[in-house]
Amino acid sequence: MDPGCSRLLPALCAALADPRQPVADDTCLEKLLDWLQTVTEAGSSLLLLQENPCLVELLFHVVKSQDLSSRILAFSLRLAGMFAAQETCFQYLQGELLPMLFGEAGPLGGAAWTAPTVRSGWVQGLRALAQHPSALRFLAACGAVDTIFSLQGDSSLFVASAAGQLLVHVLDLAMRGPAEGHCGPQAHAWPACAQEIVCHIEASLRSTATPQVAQALNVLTTAFGHYHGLWMQGLWVRLSPLVARLLERDPVPAAHSLVDLLLSVARSAGPSPDGGLWETLAQTLSRLSPTQAGPLALGILQLQGCPQALRTQAFGRLLQPLACVLKAAAQAPGPPGLPEGAAGDSVTVDTLLSSKSACVGLLCCALAHLELLQPLPQRPSPWPQAPLLGAAVTILRFCNGSASPTSDVGGRLCTILVGCARVQRAALDFLGVLSQETGPQEPVTQVFAILLEYLVSPDSSPMVLKKAFQATLRWLLRPPRAPGCCDLDPHPQLFLGELLPVLQKRLCSPCWEVRDSGLEFLTQVTRSWGGQAGFRHALLASEVPELTRQLLRDPESYVRASAVTATGQLSSQGLHAPPASPEHPGVQQSLLEELLHILSTDAEGFPRRAVMQVFTEWLRDGHADVAEDPEQFVARVLQAASRDLDWEVRAQGLELALVFLEQVLGQRGSRCAYAVALPEAAPPGTLAQALRALCRVQLFEFAFRALFDCDRPVAQKSCELLLFLRAKAAPYGSPQDAGGSPDVASVEATLQRWQAGEQGQPLGHLEPGAVMAVLKSLDLEGLRDTLAESSDHVEKSPQSLLQDMLASVGVLSENEADCY
Amino acid sequence: MKLYCLSGHPTLPCNVLKFKSTTIMLDCGLDMTSTLNFLPLPLVQSPRLSNLPGWSLKDGNAFLDKELKECSGHVFVDSVPEFCLPETELIDLSTVDVILISNYHCMMALPYITEHTGFTGTVYATEPTVQIGRLLMEELVNFIERVPKAQLASLWKNKDIQRLLPSPLKDAVEVSTWRSCYSMQEVNSALSKIQLVGYSQKIELFGAVQVTPLSSGYALGSSNWIIQSHYEKVSYVSGSSLLTTHPQPMDQASLKNSDVLILTGLTQIPTANPDGMVGEFCSNLALTVRNGGNVLVPCYPSGVIYDLLECLYQYIDSAGLSSIPFYFISPVANSSLEFSQIFAEWLCHNKQTKVYLPEPPFPHAELIQTNKLKHYPSIHGDFSNDFRQPCVVFTGHPSLRFGDVVHFMELWGKSSLNTVIFTEPDFSYLEALAPYQPLAMKCIYCPIDTRLNFIQVSKLLKEVQPLHVVCPEQYTQPPPAQSHRMDLMIDCQPPAMSYRRAEVLALPFKRRYEKIEIMPELADSLVPMEIKPGISLATVSAVLHTKDNKHILQPPPRPTQPTGGKKRKRASDDIPDCKVLKPLLSGSIPVDQFVQTLEKHGFSDIKVEDTAKGHIVLLQEAETLIQIEEDSTHIICDNDEMLRILRVLRALLSIKFRCLHLK
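Definitions and limits used
Every chain is numbered on its own, with residues counted from 1 as its sequence reads. A letter from A marks each chain and a number from 1 marks each ligand, given out in the order of writing. Residue-level local features of this predicted model are given only where pLDDT is at least 70; pairs of side-chain atoms are given and counted only at 80 or more, and the full residue set underlies all totals for whole chains, interfaces and linings. Note that water and hydrogens are dropped before the side-chain values are worked out from all heavy atoms of the structure. A run of DSSP states H or I qualifies as a helix once it reaches four residues; a run of E qualifies as a strand once it reaches two. Both are numbered from the N-terminal end. Three exposure classes are used, based on accessible area relative to the maximum for each residue type with a 1.4 Å probe and protein chains only: buried under 20%, partly exposed in between, and exposed over 50%. Only the protein chains shown count as cover for residues, with accessible areas throughout obtained via the Shrake-Rupley method and a probe of 1.4 Å. As a per-residue measure, pLDDT reflects the predictor's confidence and takes values from 0 up to 100. Contact criterion: two residues are considered in contact whenever any of their non-hydrogen atoms come within 4.5 Å of each other. Any Lys or Arg side-chain nitrogen located within 4 Å of an Asp or Glu carboxyl oxygen qualifies as a salt bridge. In this analysis, strands are considered paired if DSSP registers two or more bridges between them. Helix axes use the C-alpha atoms of the stretch in contact, all axes being lines fitted to C-alpha atoms, and the angles between their N-to-C directions lie in the range 0 to 180 degrees. Summed over both partners, the accessible area lost on bringing two parts together, with a 1.4 Å probe, is the buried area. Under the rule applied, a polar contact is a pair of N or O atoms within 3.5 Å (in protein, one hydrogen donor and one hydrogen acceptor; residues adjacent in sequence only if both atoms are side-chain atoms). Whenever a pair of cysteine sulfur atoms sits within 2.5 Å, that pair is classed as a disulfide. The scheme is simple: roughly parallel for angles under 35 degrees, roughly antiparallel for over 145, roughly perpendicular for 65 to 115, oblique for anything else. Handedness of a helix crossing follows the sense of rotation of the near helix relative to the far helix, less than a right angle counterclockwise being left-handed and clockwise being right-handed. Side-chain classes are defined by residue name, with Ala, Val, Leu, Ile, Met, Phe, Trp, Tyr, Cys and Pro counting as nonpolar, Asp, Glu, Lys and Arg as charged, and the others, Gly among them, as polar. To qualify as a nonpolar core, a set must consist of buried Ala, Val, Leu, Ile, Met, Phe, Trp, Tyr and Cys residues joined through side-chain atoms within 4.5 Å. Between 30 and 60 degrees the pair is tilted, below 30 it is stacked and above 60 it is edge-to-face, where a pair is any two Phe, Tyr or Trp rings, Trp via its six-membered ring, whose centres lie within 6.5 Å. For a lysine, the NZ atom is tested; for an arginine, the CZ atom; a charge sits over a ring if that atom is within 6 Å of the ring centre and within 35 degrees of the ring normal.

Break down the overall build of chain A for me, with residues and values.
When you go through chain A residue by residue, the secondary structure sums to 43 helices and 0 strands. Looking at the 820 residues of chain A, the share that counts as buried comes to 53%. With the model as given, the accessible surface of chain A reaches about 35000 Å², and the carbon-plus-sulfur share is 54%.

How would you explain the confidence of the model for chain A if you had to name every residue and give the values?
Residue and element names in this part refer to chain A. Mean pLDDT over chain A: 85, with 87% of residues reaching 70 or higher. Long-range and interchain partners of residues 580-587, a stretch whose pLDDT sits below 50, account for 1 contact in this model, where long-range means more than four residues apart. Note that residues 812-820 has pLDDT below 50 and, in this model, 15 contacts with residues that lie over four places away or in other chains.

Account for the pattern of salt bridges, with residues named and values stated.
A side chain with one charge may pair with a side chain of the opposite charge, provided their charged atoms come close. All names here are of chain A. Applying the stated rule across the entire model yields 38 salt bridges over all chains. Where glutamate 520 meets lysine 466, a salt bridge forms, and the shortest distance between an N and an O atom there is 3.2 Å. Of the two residues, glutamate 520 sits in helix α27 (residues 512-529) while lysine 466 sits in helix α25 (residues 462-476), which places them 54 residues apart along the sequence. Judged by its relative accessible area of 24%, lysine 466 is partly exposed. In this structure, arginine 636 engages glutamate 593 in a salt bridge whose closest nitrogen and oxygen atoms are separated by 2.9 Å. On the criterion of sequence distance, the pair formed by arginine 636 in helix α34 (residues 630-642) and glutamate 593 in helix α31 (residues 591-601) is long-range, its members being 43 residues apart. Since its relative accessible area comes to 30%, glutamate 593 is described here as partly exposed. Connected through salt bridges with shared partners, the residues Arg549, Arg553 and Glu594 form a single ionic network.

Describe the sheet that holds strand β31 (residues 614-619) of chain B, with residues and values.
All names here are of chain B. Strand order in the open sheet made by the 4 strands is β30-β31-β32-β33, with antiparallel pairing throughout. At either end of the open sheet lies a strand with only one pairing partner, and these are β30 (606-610) and β33 (633-637). Adjacent strand axes in the sheet meet at a mean angle of 15°, parallel and antiparallel pairs treated alike. The pairing of β30 with β31 spans 5 bridges and is antiparallel. Of the residues in β31, the one forming a bridge with isoleucine 606 is leucine 619.

How would you summarise the interface of chain B and chain A if you had to cite specific residues and measurements?
With 23 residues of chain B at the interface, the matching set in chain A holds 23 residues. Carbon and sulfur atoms make up 56% of the area that chain B and chain A hide from each other, which totals about 1800 Å². Contact with chain A buries surface across chain B, with Arg290, Ser318 and His484 of chain B losing the most and accounting together for 30% of the total. Scanning the region where chain B abuts chain A turns up 1 salt bridge. For the salt bridge of glutamate 280 of chain B with lysine 505 of chain A, the shortest nitrogen-to-oxygen distance reads 2.9 Å. For the interface between chain B and chain A, the tally reads 7 residue pairs in polar contact (both at pLDDT 80 or more). Elements supplying a minimum of two residues to the side of chain B that touches chain A: α6 (274-290) and α7 (304-318) of chain B. Counting residues per element, the side of chain B that touches chain A draws most heavily on α6 of chain B, which supplies 11 residues.

Explain the state of the cysteines residue by residue, including any values.
Put plainly, a disulfide is one covalent bond tying together the sulfur atoms of two cysteines. All names here are of chain A. One pass over the full model with this rule turns up 0 disulfides over all chains. Looking at the unpaired cysteine 365, the closest cysteine sulfur is the one in cysteine 364, lying at 7.1 Å. Exposure remark for cysteine 365: the relative accessible area of 33% places this residue in the partly exposed category.

Could you give an account of the sheet that holds strand β25 (residues 516-518) of chain B, naming the residues involved and the relevant values?
All names here are of chain B. Within the open sheet, the 3 strands sit side by side as β25-β29-β28. Their pairing is mixed. Pairing within the sheet leaves two strands with one partner each, and these edge strands are β25 and β28 (543-547). On average, each strand axis in the sheet is inclined to that of its neighbour by 30°, with strand direction left out of account. Note: β25 against strand β29 (residues 550-554), 3 bridges, orientation parallel. Bridging across to β29, glutamate 517 finds its partner in isoleucine 552.

Outline the packing of helix α17 (residues 290-302) of chain A against helix α18 (residues 308-329) of chain A, supporting the account with residue identities and numerical values.
Geometrically, a packed helix pair is captured by the angle between its two axes and the distance between the axes. Residues and elements named next belong to chain A. Axis separation between α17 and α18 bottoms out at 8 Å; the angle between their running directions is 140°. With respect to each other, α17 and α18 are oriented oblique. Here α17 and α18 pass one another in a crossing that is left-handed. The segment α17 lies against α18, with Pro290, Ala293, Gly294, Ala297, Leu298, Ile300 and Leu301 engaging Leu310, Arg311, Ala314, Phe315, Arg317 and Leu318. Residues of the contact of α17 with α18, tallied by class, amount to 10 nonpolar, 1 polar and 2 charged.

Talk me through unusual backbone geometry; I want residue IDs and the actual numbers.
Residue and element names in this part refer to chain B. Proline 390 follows glutamine 389 through a cis peptide bond whose omega is -5°. Here proline 390 shows up in the loop between α11 (382-386) and β19 (392-395). Each neighbour pair has its own omega, and for glutamine 437 with proline 438 the value is -5°, a cis peptide bond. If you trace the backbone, proline 438 turns up in the loop between α13 (429-433) and β21 (442-445). Positive phi is not limited to glycine here, since lysine 20 has a value of about 50°. Structurally, lysine 20 is set in the loop between β2 (15-19) and β3 (22-26). Under the relative-accessibility criterion, lysine 20 is labelled partly exposed at 22%.

Requested: an account of the nonpolar core, with residues and values cited.
One recurring pattern in soluble globular proteins is that nonpolar side chains are buried together. Phe615 and Phe704 of chain A together with Phe394 of chain B are the most contacted members of the largest nonpolar core, which totals 397 residues. Sorting elements by how many residues they give to this core places α18 of chain A first, with 12 residues. Leu26, Tyr124, Val211 and Leu507 of chain B belong to the second largest nonpolar core, which has 25 residues in total.

How would you sum up the packing of helix α20 (residues 356-373) of chain A against helix α23 (residues 421-434) of chain A? Please name residues and give values.
All names here are of chain A. Relative orientation of the contacting elements α20 and α23 amounts to 20°, with a least axis distance of 9 Å. Compared by their axis directions, α20 and α23 come out roughly parallel. Of the two elements, α20 crosses α23, and the hand of that crossing is left-handed. Along the contact surface, α20 presents Val360, Gly361, Cys364, Leu367, Leu370 and Glu371, while α23 presents Arg422, Val423, Ala426, Ala427, Asp429, Phe430 and Val433. Looking at the contact of α20 with α23, its residues break down into 9 nonpolar, 1 polar and 3 charged.

Report on the packing of aromatic side chains, specifying residues and quantitative values.
Residues and elements named next belong to chain B. Evaluated as defined, the whole model comprises 33 aromatic pairs over all chains. Members of the aromatic cluster, joined through ring pairs, are Tyr327, Tyr376, Phe383, Phe387, Phe408 and Trp412. We note lysine 351 situated over the ring of phenylalanine 362; from NZ or CZ to the ring centre the distance is 4.8 Å.

In structure tokens form, the structure reads like this:
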């Protein structure tokens, strides 16, 4: 601990112990604990206490005082636990202090115990303390384990959860060391403390009260999820019969916790577990309700080394809701094409039809689980692509009322699902995921048909529509069936003819979310398909490009931003709206001018940021409008960006400047913008020319201003840019050449004023020589290091923390702390 | 309690409820879909329409060719359009005591009822309903009267001839009752019979029932009605909306605990969400105008148009349509736009608060101020000077059979750049367009019907829990075109009772109680006897005084003392002379015990027969017949055994509830 902190600590401890000076802010105490934790981790706690007796005094004071706030009491409990984690320190504190804090003489059972903070502090203190065998004896001696048992059912969920974790931790501590290695399921071989805990778990598992069973299952889940001692196997062999017996009850108690436990055990056990785990899993799968079985089935399918029969059963269970839907919608009887075991059973049907919420919940879960499963390498094979597509399409048809089922179940499903946006969203997401698969062609036609129905339907909510656009995009952009084929597949091509009129209409929607989704879709589809003749032809024949351009003046800023991105993309691909029509001559300005206008006048940040991104891309890709006169383009953009109040626009301006630099000076060594790499120096003649160009576009003025920007990311980016430039231009002259000139001196003076916050004065015309001289004189590396530290690094120091805390309780006569 | 169903149209209802001693007509909607069978009435001479070929029978007989014209395979009546009136024969409409109007669309048949049936009662409606209803009627009369048509076709209505006609004329119902439009004079006379009411105002009808209008959320001043007596409550729900549009929100709570809920006026397009339709409307409008085309919106002069104008107010700038003129053409356009701004108390909360700023509640005022929206009484006059294209025109009538809309259909129908957007749900757009075929202009169907859909109805019924629901038969089964959509029907327990045109329903609940007041001095004189904890009974001897459907038990008059004949009886003293009031017998008769007691009292040769309603006790010797039924006992005898039998009965009966009628 540094001396400064040591000096402040006694006053702080005294302030904390004083009930008249309440600490207003909990986070200070947390920070104090964090700091002391790092101190104790770095050295001996005992030494720390000896050197700073005020800490022990604080703890003693807390023990004796009756009127301290609960947060100070909780803090002290945690602090004591933290110190006692080291055995030497534990011995030092054990005699009097620890029993008074954690034993029955302490807050336990007193008035303070009613505060959840205190109970939580007690549990966390013990959790920190329980690191050595002496701690176990202490726990036994003060009867803490019984308290932990009772805290498992605490009214505060935080306390209950922490108590469960502490129990597992104590169990692990007890079983580690001498006991480990010869701890079979036989109870007599286990240490007493472990024996007590396991007996408690066994009793809970036998209990008829579901909360108790859930507590036991949660404790075991934590154990199998976080601890990997050899004793775990013995524990499972001992407890698995009790767990299996839970399945005999009707309904199965605490099913969610049971699923978590079984999966946790299966994951921790590796590929070949003992104790009949696979059988238990299979039995659980068949016993649980469809809603509860879903997560278990997904978990099983994600396991390594799971027997094939169990995987098949799990997959079948996962597919059951969809099988029911397919069966309900089938016009003629026949197998829906799903794997064996998936056939919808009556329980699943009953769940689906029991209520709207049950039906929606089950279907959404089933779809979400299958969505998670699809990209996994261990997913079932063969993957039933066609029936899954069929199911997704059928669900979507039920939801929009276009299905005409003949069965009773189908009719009722239709009534439940029609207009249900939640299921629509889930099914569209799932449909999108299925686009990554190859399969038979026939369902693809149905997919495009239903997607089109959703895109066309006025009843599709904006969110559903967005999902429909996303799914459509994924289906349109899925890899071509014939490799090397340069144009579109016939399906998307046909679909496109119907899609563009819909897009056109959506871009005119009065709902801004819809316009926005439409524009995003257009941008993405153009990015991928801009080069395809079929797409180009269809798009240019439509009004979409013109409408997109119209939306640059949309009242909603998000839409304007998306319109900027979309028009930028269209223009990059040569697909922008045709020039002004003869009826309105002169109305239409060039897109570049329009975007520059947005950059300099739009009141919202999003459109301006989008413009900067588009311009950067245009410059990088050599867009025709830019290529005419890149210098003028960069100069105008930088001028507009430098005045912008949005730091992201300024940062993007630096990105554009960097692209320009690269084009003028040659590529950087690394593609990463923030990587420091010395580029190869450019030949002097070219370099001089390049620097003159940079001066002409006033890139330096922009970069220097940015260097002292009040927003750190901008300054950092500028620093990187200037470092790159300096390295690249190293051979150009030397500081001696220009360093003494009056030009350099005035530049440096201006920069100093800028650094001091007076950025009003312009830099004036710069000569390359002067720029290089200034660059070399600036401590850019130092600046970079300073910027690399977080902006609150000064305020985060422990000394600052202690000062803050003292100031807040009014001990410091003069408020020296900063506002942080 | 009976319900006479005079209209088959679920959203243009006309029912008569007989409840207690009152006869109440619930709405009088006018089914105008009949006009779709007629040729449009063009404002300007239309060579196309006047040159349509006459229709002749298959055998070439052309005797109907003056009355029927053929256009693109459809046959139309070339005559003044006629409307399908509510049934007038099912019940004598002169006996109707009051008519309750729920909204301005449901009063269009009022002049036919009040002026031609001998109706002498009162009509109740809210002020906006009356004012806007007047505008709708005025517009209708104006549309029809300004294009006089000499011909009134009637030959085709002959049943034998109608059979030979092609559909839909062949299937048109009740054509003999179709009538041409009323006159303005009839409208004024009908409206003069209306008495204005406010929401939650309680109106006594002859002391028998109380009627109360409640906000229904559908249109300015639209109401549902509660019709209740002391012990019965009937709710009449017609044209209600739970959406947030311009009117005051629907009052649902007051509908709770109804014995019967009559449910009419649900959305006509249950599969179309109004929000989505407004989106479609705006998008299609923008696309058309952007391409240089004109947009025609056939509409009523009030209602959804206010919401559409409000949407457009927010939309036109974003869609770059600020320079496009919007025209609203109707003989009542000006009044409609102005009326909407003055009924602040009938508007939703948001609009009400604007009035205090003070700002006009509807933004169409600003559209008018900025010249973006212009309104004209007709296409003649100023409009033709100001007319600029491309533009958007709102005009009537939505049936496309009369009004200025006919002119625009003729004018713009030939160009595919133009679009007609149907927003009113009352008419099938395909049928409306039939006489304009072949048509090049685009047609968009965006029906905006904010009335309750079936999901909302289901929630409403769960909320208000009526004992019985009565509704048009169309609501008790899925629409014929979507027979699998079981969600598009009313699903309630017990199942809703359905009605159809010209049907009389006996409503499934009996009136069991009547409220009778007891005068305080009579109540004081009662001596209740507790027969079980919490229940006490007392015999009451009193005079039942009934006036204006109010019943009062008054103390019985004291036995008249001989007064010496000097005092004159006062005229107002209408209590009947009743010297000695004997307590009435009441209670059910245990037959076995009765027979035994009769035997004890010396009757012999007693025979007992069971009947469907009770028993017959035959005292053969005494030549007496005693009919014992659930709620009556008749003793039929010609001799003086009556007194003996009564004595037996009196001994048997304790105080019970039922009356015993002695003959």
